[in-house]
Amino acid sequence: MLVVEGLTCRFGTKAAVDSASFSVAPGSFVGVIGRSGAGKSTLLRTINRLTPATEGRILYNNVDVTALRGKELRQWRARSAMIFQQFNLVGRLDVLTNVLMGRLSEVPFWRSLAQLWPEEDVAIAMSALDQFDMAQLAAQRADQLSGGQQQRVAIARAMVQQPEIILADEPIASLDPRNTKIVMDALLRINKHFGITVLCNLHSLDLARSYCDRLLGVAAGKIVFDGAPAELTEHVARELYDLEANEVLGAAPTDVSGATVPALSSAAAA
Ligand SMILES: Nc1ncnc2c1ncn2[C@@H]1O[C@H](COP(=O)(O)OP(=O)(O)OP(=O)(O)O)[C@@H](O)[C@H]1O
Ligand SMILES: [Mg+2]
């Protein structure tokens, strides 16, 4: 169980995450939604400890993750693997080596420099690539792949860390609709098949509604909605997205009563 308690992350006087509290049960697929600048990326980065928390705590299975240092911190970062919008692969290296980088917390650094990867790690990496139909591209340079292929390599790299949580920061923001589906389906399979918890920042509400079993709505760093996708009324969605609402929701009429609107405009997928 991941428990976030009063988490605040300030940059100067600005609170990018402001007293966020929620818990995430193992095996959930949670969508983090909200307008640009709401604090979604900072929230995930703070959980992974890429960005330091100013106040509050993150507990994972009752261990205070905010207090970890050294090897334990590296292990936490592997356990809560991040996936980024821009894939973050090393373009000049081949696909297999990029995936093996996910084993760095297990393999001594000098071995990785010499590319002396243990056979067992190579087998784990190949099997992860195979899961996402990428094994045949193992020897290709990463920068020769399409965006969708690169993101699948990044997911394979996250998987070889043997994570318990995947923190995906707008993993499909740079992809076309076909690759968006391939990558979201890959995350869903990881979640359902391996029981890995997924926290995924998404700009598109339609995607969030189709893939997630719970949504966290973030506005100005605060969690302003926490519930099942069906509970997110158009009224709340409009508040969440503010000026971006028409872009994200389409030009559907506002439901001021706050009643649940089953499907928002498909313009959100654009
Ligand atoms: N390293 C930083 N230094 C200073 N301010 C930052 C930094 N990172 C984020 N911020 C600010 O914190 C706020 C939240 O940013 P964040 O990137 O978390 O939002 P977001 O919800 O992920 O937005 P987007 O949908 O555009 O990715 C913004 O006002 C941003 O300018
Ligand atoms: Mg972001």
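Residues numbered from 1 in each chain as written. Chains lettered and ligands numbered in written order. Predicted model: local features only at pLDDT ≥ 70, side-chain atom pairs only at ≥ 80, totals over all residues. Heavy atoms only, no water.

1. With respect to the sheet that holds strand β3 (residues 29–33)
Sheet strands associate in pairs through backbone hydrogen bonding, adopting either a parallel or an antiparallel arrangement. Spatially, 6 strands are ordered β6-β7-β8-β3-β9-β10 in an open sheet, and the strand pairing comes out mixed. Because the sheet does not close on itself, it has two edges, and the strands there are β6 (80–84) and β10 (222–227). Neighbour-to-neighbour, the strand axes of the sheet open up by a mean angle of 20 degrees, direction not taken into account. By the bridge criterion, 4 bridges tie β3 to strand β9 (residues 214–219) in an arrangement that is parallel. Directly across from Gly 31, in β9, lies its bridge partner Leu 215. (Pairing = 2+ DSSP bridges. Helix = DSSP H or I, 4+ residues; strand = E, 2+ residues; numbered from the N terminus. Axes fitted to C-alpha atoms, helices over the stretch in contact; angles between N-to-C directions.)

2. Here we look at the sheet that holds strand β4 (residues 55–60)
Strand order in the open sheet formed by 4 strands is β2-β1-β4-β5, with antiparallel pairing between adjacent strands. A strand with exactly one partner marks an edge of an open sheet, and here the two such strands are β2 (14–24) and β5 (63–64). Bridge count between β4 and β5: 2 bridges; the pairing is antiparallel. By the bridge assignment for β5, Leu 59 is matched with Asp 64.

3. Quick notes on helix α5 (residues 119–131)
An ideal rise of 1.5 Å per residue puts 18 Å on 13 residues; α5 measures up with 18 Å between its terminal C-alpha atoms. Within the span of α5, buried status applies to Asp 121, Ala 125, Ala 128 and Leu 129. Down the axis of α5, the buried set is contained in an arc of 100 degrees. They therefore lie on one face. Facing away from the buried side of α5 by over 90 degrees, the exposed positions are Glu 119, Glu 120 and Asp 130. A positive phi of about 60 degrees marks Asp 133, the residue just after α5. (Expected span 1.5 Å × (residues − 1). Buried < 20%, exposed > 50% of the residue type's maximum accessible area, 1.4 Å probe, protein only. Arc of directions from axis to C-beta.)

4. With respect to unusual backbone geometry
The backbone of Asn 62 sits at a positive phi, close to 70 degrees, despite the residue not being glycine. Checked against the element boundaries, Asn 62 lands in the loop between β4 and β5. A positive phi angle, near 60 degrees, is found at Asp 133, a position not held by glycine. Topologically, Asp 133 is positioned in the loop between α5 and α6 (147–160). Since its relative accessible area comes to 56%, Asp 133 is described here as exposed.

5. Describing the site of ligand 1
The environment of ligand 1 is made up of Phe 11, Lys 14, Ala 16, Arg 35, Ser 36, Gly 37, Ala 38, Gly 39, Lys 40, Ser 41, Thr 42 and Glu 170. Measuring from an oxygen atom of ligand 1, one finds a side-chain N or O atom of Lys 14 at 3.5 Å. The side chain of Ser 41 places a nitrogen or oxygen atom 2.7 Å from an oxygen atom of ligand 1. For ligand 1, the protein covers 58% of the area, taking 630 Å² as the surface of the free molecule. When contributions to the shell around ligand 1 are tallied by element, the ones reaching two or more residues are β2 and α1 (40–48). (Near = heavy atom within 4 Å. Polar contact = N/O pair within 3.5 Å; in protein donor to acceptor, adjacent residues only side chain to side chain. Areas by Shrake-Rupley, 256 points an atom, 1.4 Å probe, with all protein chains shown as cover.)

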